[in-house]
Amino acid sequence: MVISLVAAAQVAAAGKPLRVGFAQTGAESAWRTANTNSMKSEAEKRGIELKFADGQGKQENQIRAIRSFVAQRVDAIVLAPIVETGWDPVLREAKRAGIPVILTDRSIQTADESLYVCFIGSDFYEEGRMAADWVARAVNGQGNIIELQGTPGSAPANERRRAFADGIAKHPGLKIIDSQSGDFRRAGGKEVMEAMLKKHGRAINIVYAHNDDMALGATLAIEEAGLKPGRDIIMVSIDGIKEAIQAIIDGRLNCTVECNPMFGPKVYDTIERLKRGEKVERKAYNKDLLFDATNAREMIASREY
Ligand code: GZL
């Protein structure tokens, strides 16, 4: 029986490891480190050839990496886009090369929905809403809030800001008196909090940080100012890293909303389904929990990141 060239190529390809290009945002936070580790360790476990590119916090580095993955003709491209806009030209190059693109962690704004196959990550708006509801209940709807924003232009910063503002709008006694970006970095959270304490002093009742690293950095500034984070100033953030849950147990943080980064398995399952010609969900949201003094002790032992 004569096997066609295409069939022979498919048979040959069937034996070769999957080759995946991953353009990661950077290494700005403990969350990001856990996310990178999940993608790398799961690829190793499955024998997937992962070509990893650290964007180092710059969109142009991620764009360069995607072009390199297209040139290497990988089987799939995974992108955790640092910001929401400016991706159409390079994603059109991947589309022309017939290479599927999967967005993980953060989404993009585009008029051409065909430029990526699906999004896998968390619902940032829901996280911001959960944080706002927790604050409203904790302080009976009264208090001045300092907001530490994530990376300007990023989906998590945009959505968590919008959701939190929508959430506290129902409580006229809650007011965001100042808001500035700490770029999701611990040092950024500390620096911004130092400036906010100088500017607003004891008028600050609550800190809402878009991620735990900035919140933990802010606690250092609050302590250096002779105040007790978690008591003199209520501390609420997002990510759910183990260090933040420990800070809740220690009374230095009050609440963190999970944003689970361990989605390597889900990403590779999706790619393997695509290679088998199966349809995949357009958006696959991770389930996010909330941690505070009522559950931090019982939950910390089971935390993976
Ligand atoms: C959220 C992710 C954010 C985290 C930060 O999915 O994009 O970026 O909340 C990380 O810790 O830096």
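Provided above is the structure to which this section pertains.
A brief structural summary. From a predicted model like this one, the values you see are computed outputs, not experimental measurements.

Looking at the secondary structure, you find Glu-224 in helix α8 (residues 212-224). Setting aside residues up to four positions removed in sequence, Glu-224 forms contacts with Lys-190 and Glu-194.

Before going further, it helps to examine the pattern of salt bridges. Once the charged atoms of two side chains with opposite charge are near each other, the side chains can pair. Taken as a whole, this structure holds 29 salt bridges when the rule is applied. Put simply, Arg-46 and Glu-42 hold a salt bridge, and the shortest N to O gap is 2.7 Å. One end of the pair, Arg-46, and the other, Glu-42, are both in helix α2 (residues 30-46), 4 residues apart, so they sit about a helical turn from each other. For Arg-46, a relative accessible area of 28% puts it in the partly exposed group. The shortest N-O distance in the salt bridge between Arg-282 and Glu-113 comes to 2.7 Å. Separated by 169 residues along the polypeptide, Arg-282 in the loop between α10 (264-275) and β11 (283-285) and Glu-113 in the loop between β4 (101-105) and β5 (118-121) bring together distant segments of the chain. Under the relative-accessibility criterion, Glu-113 is labelled partly exposed at 41%.

The next thing to look at is the site of the ligand. In the vicinity of the ligand lie 13 residues, with Glu-28, Asp-105, Arg-106, Arg-160 and Asp-239 positioned nearest. In the model, an oxygen atom of the ligand is placed 2.8 Å from a nitrogen or oxygen of the Arg-160 side chain. Between an oxygen atom of the ligand and a side-chain N or O atom of Asn-211, the distance comes to 2.9 Å. Here the ligand, which alone exposes 310 Å², has 99% of that area covered by the protein. Of all the cavities here, the one that holds the ligand is the largest cavity. Those elements that place two or more of their residues in the shell around the ligand are α2 and α6 (155-168). Classifying every residue of the shell around the ligand gives 5 nonpolar, 2 polar and 6 charged.

Okay, helix α9 (residues 242-249) next. Burial in α9 covers these residues: Ala-244, Ile-245, Ala-247, Ile-248 and Ile-249. Buried residues along α9 sit in contact with α8, β10 (255-258), β12 (290-292) and α11 (296-299). Of the residues flanking the end of α9, it is Gly-251, one or two places downstream, whose phi is positive at about 80°.

The rules behind the values
- Residues numbered from 1 in each chain as written.
- Predicted model: local features only at pLDDT ≥ 70, side-chain atom pairs only at ≥ 80, totals over all residues.
- Heavy atoms only, no water.
- Helix = DSSP H or I, 4+ residues; strand = E, 2+ residues; numbered from the N terminus.
- Contact = heavy atoms within 4.5 Å.
- Salt bridge = Lys/Arg side-chain N within 4 Å of Asp/Glu carboxyl O.
- Buried < 20%, exposed > 50% of the residue type's maximum accessible area, 1.4 Å probe, protein only.
- Near = heavy atom within 4 Å.
- Polar contact = N/O pair within 3.5 Å; in protein donor to acceptor, adjacent residues only side chain to side chain.
- Areas by Shrake-Rupley, 256 points an atom, 1.4 Å probe, with all protein chains shown as cover.
- 1 Å grid on protein atoms, 1.4 Å probe; cavity = no way out; pocket = protein on both sides within 12 Å on 5 of 7 lines; lining within 4 Å.
- Sits in = over half its atoms within 2 Å of the grid points.
- Nonpolar A, V, L, I, M, F, W, Y, C, P; charged D, E, K, R; others polar.

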